[in-house]
Amino acid sequence: MDMKTERLILKSTNLEDVEAIVEYYRRNQNFLVDYEPAREAFYYTKAYQKMIVQASIDAGLVGSELRYWMALKEEPSKIIGTFAFTNIIMGPFKSCFLGYKGDVDYLRMGYTYEALQAGIEMVFDAYGLHRIEANIMPRNKPSLALVEKLGFYEEGIAVKYLQINGLWEDHVHMVLRNKSME
């Protein structure tokens, strides 16, 4: 189900947007290299992204992932970022991980903040989640500032947590709790 904010359309993952997703990744390849696992050339192809999108749709059907793609209302066919709630676990845990990325040409304009506000409200209210966790490299100061602005707090450092662009990187473990459930 798509969502709208003041300036954005938040598109749920679907196969119709694969070409726009490929364009987003190609446009941002150099920008994202410092924040993501190393990517092979096939990652930037329509065939590969179609498989990734289908896997995301399948994960959504079983309730383990919710992914959205951000587009400006005045330019709905152009993807300018994405965010996902992954590893959703219900039962007594009611928790997930948050991942997000923006478009280098639209940074520091508040779009990701706006999108994440809507997404967080949705997973807390409609899905009844209690906890959202985000892991961010300490050198990624803009991302840390973003989640702090959203109300996340630091729970510690995860040493050598993820392999990013070929290197094992420490990450700051940030958490947002749904205080209405406490």
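Everything numeric in this text was worked out from a predicted model, so none of it was measured.

Turning next to the side chain of Asn-178. Position of Asn-178 relative to the elements: it lies in the segment after strand 8 (167–177). Within polar-contact distance, the side chain of Asn-178 engages the backbone oxygen of Leu-129 at 3.0 Å. Setting aside anything within four residues of it in sequence, one finds Asn-178 in contact with Phe-124, Leu-129 and His-130.

This next bit is on the sheet that holds strand 2 (residues 8–12). Spatially, eight strands are ordered 1-2-3-4-5-6-8-7 in an open sheet, and the strand pairing comes out mixed. The sheet is open, and its two borders are formed by strand 1 (3–4) and strand 7 (153–164), each paired with just one other strand. Judged from the five bridges that link them, strand 2 and strand 3 (residues 65–72) form a sheet pairing that is antiparallel. Pairing of Leu-8 across the sheet is with Leu-72, part of strand 3. Of the strands in this sheet, strand 3, strand 4 (75–89) and strand 5 (95–102) touch helix 1 (residues 18–27), which is tilted by about 90° from strand 4.

This brings us to the nonpolar core. One broad rule of soluble globular proteins: the nonpolar side chains tend to lie buried together. The biggest cluster of nonpolar side chains holds 34 residues, and the ones touching the most others in it are Leu-10, Phe-83, Phe-85, Ile-120, Ile-132 and Phe-152. Every element with two or more residues in this core is listed here: strand 2, strand 3, strand 4, strand 5, helix 4 (111–125), strand 6 (131–136), helix 5 (141–149) and strand 8. Formed by twelve residues, the second largest nonpolar core is a distinct cluster that contains Val-22, Tyr-24, Tyr-44 and Val-53.

Calculation rules
- Residues numbered from 1 in each chain as written.
- Predicted model: local features only at pLDDT ≥ 70, side-chain atom pairs only at ≥ 80, totals over all residues.
- Heavy atoms only, no water.
- Helix = DSSP H or I, 4+ residues; strand = E, 2+ residues; numbered from the N terminus.
- Polar contact = N/O pair within 3.5 Å; in protein donor to acceptor, adjacent residues only side chain to side chain.
- Contact = heavy atoms within 4.5 Å.
- Pairing = 2+ DSSP bridges.
- Axes fitted to C-alpha atoms, helices over the stretch in contact; angles between N-to-C directions.
- Core = buried A, V, L, I, M, F, W, Y, C linked by side-chain atoms within 4.5 Å.
- Buried < 20%, exposed > 50% of the residue type's maximum accessible area, 1.4 Å probe, protein only.

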